[in-house]
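# Commentary on secondary and tertiary structure
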Amino acid sequence: MAVSSEQSSDIIVLFGPSGVGKSTIATELIKHCPNLWLSRSWTTRPRRPQESPDSYKFVDRDEFIAHREAGRFLECDEFLGNFYGTPIPEAPQGEDILLEITLDGAEQVKKLHPEALLIFVDTPSQHDQKRRLRRRGDSASNIRRRLKKSKQERLRSTALRKQVVVNDDLVKTVKDITKIIEEHRKT
Ligand code: 5GP
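In what follows, the accompanying structure is described. These figures come from a predicted structure and were not determined experimentally. (Residues numbered from 1 in each chain as written. Predicted model: local features only at pLDDT ≥ 70, side-chain atom pairs only at ≥ 80, totals over all residues. Heavy atoms only, no water.)

### Side note on the pattern of salt bridges
If you walk through the whole model with that rule in mind, you get 15 salt bridges. Among the salt bridges present, the one from Glu 51 reaches Arg 48, with a minimum N-O distance of 3.7 Å. In this structure, Glu 51 and Arg 48 share a single accessibility class: buried. For Arg 132, the salt bridge is made with Asp 128, and the minimal N-O distance between the two is 3.2 Å. With a gap of four residues between them, Arg 132 and Asp 128 both fall in helix H4 (residues 126–135), about one helical turn apart. You can call Arg 132 buried: its relative accessible area is 16%. Taken together, the shared-partner salt bridges in this structure form one network comprising Arg 45, Arg 48, Glu 51, Arg 136, Asp 138 and Arg 146. (Salt bridge = Lys/Arg side-chain N within 4 Å of Asp/Glu carboxyl O. Buried < 20%, exposed > 50% of the residue type's maximum accessible area, 1.4 Å probe, protein only. Helix = DSSP H or I, 4+ residues; strand = E, 2+ residues; numbered from the N terminus.)

Right, dumping it as structure tokens:
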């Protein structure tokens, strides 16, 4: 299970707790950082009412499991009862691959591709994270579960946290991550 041998793209991974703004950052990065291709994940999570149908490929568990068993995910994870996975990327020539995934997913990618650039995204405060989760329509119990999981992820992620960005201002965060990517591309 690896990116195809002709694939010369770098892999850039945004990881970190849910509700820190990773997907918004990823969407903005694609607009502002040249030669980046955003992978579209699969999930068995139901689509939220205001969520774009393009934000994921929404599938049922059987379809997800069949794809996983056929070895067609680069990485996949179960997060609070739903499956999420990155299909083996097919980025256009010359474009780097951007993933926005869980800590477990980031660990899998790092094992397969030690050269991948991992960027841990965090929130300035739990209050801010809660506000973001509420705004996108998560239920109170879901928010509680996500916050609990976030604490565990922060504790478990220290080994992979070489690059950390705190998302207190979207424009600044996108600039900071663009700079990190540019530096990585020089190495
Ligand atoms: P949400 O349900 O909030 O959209 O996503 C829950 C968590 O799954 C988030 O931390 C998000 O970054 C992560 N996620 C989204 N797509 C993938 C994926 O393809 N693989 C993995 N491992 N995590 C993903």
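After that view, the rundown keeps rolling.
### Focus on the pairing of strand S1 (residues 11–15)
The buried fraction of S1 amounts to five of the five residues, a majority that puts the element mostly inside the structure. On S1, burial covers both faces: Ile 11, Val 13 and Phe 15 on one face and Ile 12 and Leu 14 on the other are all buried. Pairing of S1 with strand S7 (residues 96–101) involves five bridges; the strand directions are parallel. Across the sheet, the residue bridging to Ile 12 is Leu 98, located in S7. In this sheet, strand S8 (residues 117–122) lies alongside S1 in parallel orientation, the contact comprising four bridges. In the sheet register, Leu 14 faces S8, and the bridge partner there is Ile 119. (Pairing = 2+ DSSP bridges.)

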